[in-house]
Amino acid sequence: MRKQARTEAEREERMRTIRAAALDVFAAKGFAAARLDDVAQAAGVAKGTIYLYFKSKEDLFEAIVKSTIGVVLANFEQAVAVSPASASEMLRMMGRVIANAIEDGDRRRVLHLVLSEGARFPAIADFYHSEIISRGMRLMRAIVAKGIDSGEFKSDELARFPQLAMAPALVAVIWAVVFSRIETLDARAMLEAHFDLLLRAITRTPA
């Protein structure tokens, strides 16, 4: 049993090494130009070793999405499911989760890759939408529904347009990539201000 545990630990470590190397290569070369040979060299393994863990370059990218952003979303889904917090506080929690994701360099690089490569590789966009975007929007709609049912929220705009809550994440990533050398942006403060504005717009004023 100890040998099996060590083997599994070694397998997980090898997969982490390959994912980290792949993200470096994808970010540097772009998904189209990146080759698995480049990933193998960066990871210090033979190209054939990659195929022991990942079926293709696309499968490797999907594994990166799951291990960086997907795990954060899954943890937040679990937290919301058991939290007694109000809908307003849950939305603020979501804002903090988004801020944490943006501040993490690897997650920011993943989102930038989706934005830059998604149009040329629809499979990437499709996977990211199903694995991250659609789950995030379902979660947003569930939180808003809770607020409406409790009388806390007076409007369902965020349920109809959950993209309103996600928009600052895209702005922050684009800003970090294109404009940060000119002017810095405090993404966390921007997200806090954004969610404050959203909550003021939809929260029912106490009688």
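### Quick word on the environment of Ala-165
Then comes step 1: Along the chain, the position of Ala-165 falls in helix 9 (residues 163-179).
Then comes step 2: Among the residues examined, Ala-165 registers a relative accessible area of 1% and is labelled buried.
Then comes step 3: Residues Ala-165 and Ala-9, spaced 156 residues apart in sequence, show a C-alpha to C-alpha distance of 38 Å.

### Focus on the pattern of salt bridges
Then comes step 1: Under the criterion given, the structure shown has 13 salt bridges.
Then comes step 2: Salt-bridge contacts for Asp-37 lead to Lys-47; the nearest nitrogen and oxygen are separated by 3.4 Å. Note that Asp-37 is positioned in helix 2 (residues 36-43) and Lys-47 in helix 3 (residues 47-50), a separation of 10 residues in sequence.
Then comes step 3: Exposure remark for Asp-37: the relative accessible area of 34% places this residue in the partly exposed category.
Then comes step 4: When its relative accessible area of 34% is taken as the criterion, Lys-47 is described as partly exposed.
Then comes step 5: Through salt bridges that share partners, Asp-24, Asp-106 and Arg-109 make up one connected network.

### Description of the environment of Gly-48
Then comes step 1: Of note, Gly-48 is situated in helix 3.
Then comes step 2: Separated by 27 residues in the primary sequence, Gly-48 and Asn-75 have C-alpha atoms spaced 33 Å apart.

### Quick word on the nonpolar core
Then comes step 1: In this structure, Phe-26, Val-39 and Leu-91 are the most contacted members of the largest nonpolar core, which totals 58 residues.
Then comes step 2: What Leu-91 contacts, discounting residues up to four positions off in sequence, is Met-140, Ile-143, Phe-153, Leu-158, Phe-195, Leu-199 and Ile-202.

### Remarks on the confidence of the model for the protein
Then comes step 1: Taken residue by residue, the protein gives an average pLDDT of 90. The fraction at 70 or more is 96%.
Then comes step 2: Within the protein, the element-level pLDDT minimum falls on helix 1 (residues 2-29), averaging 85, and the maximum on helix 2, averaging 95.
Then comes step 3: Low pLDDT, under 50, characterises residues 1-5; the predicted model gives this stretch 0 contacts beyond four residues in sequence or across chains.

Criteria and thresholds
- Residues numbered from 1 in each chain as written.
- Predicted model: local features only at pLDDT ≥ 70, side-chain atom pairs only at ≥ 80, totals over all residues.
- Heavy atoms only, no water.
- Helix = DSSP H or I, 4+ residues; strand = E, 2+ residues; numbered from the N terminus.
- Buried < 20%, exposed > 50% of the residue type's maximum accessible area, 1.4 Å probe, protein only.
- Salt bridge = Lys/Arg side-chain N within 4 Å of Asp/Glu carboxyl O.
- Core = buried A, V, L, I, M, F, W, Y, C linked by side-chain atoms within 4.5 Å.
- Contact = heavy atoms within 4.5 Å.
- pLDDT = per-residue confidence, 0-100.

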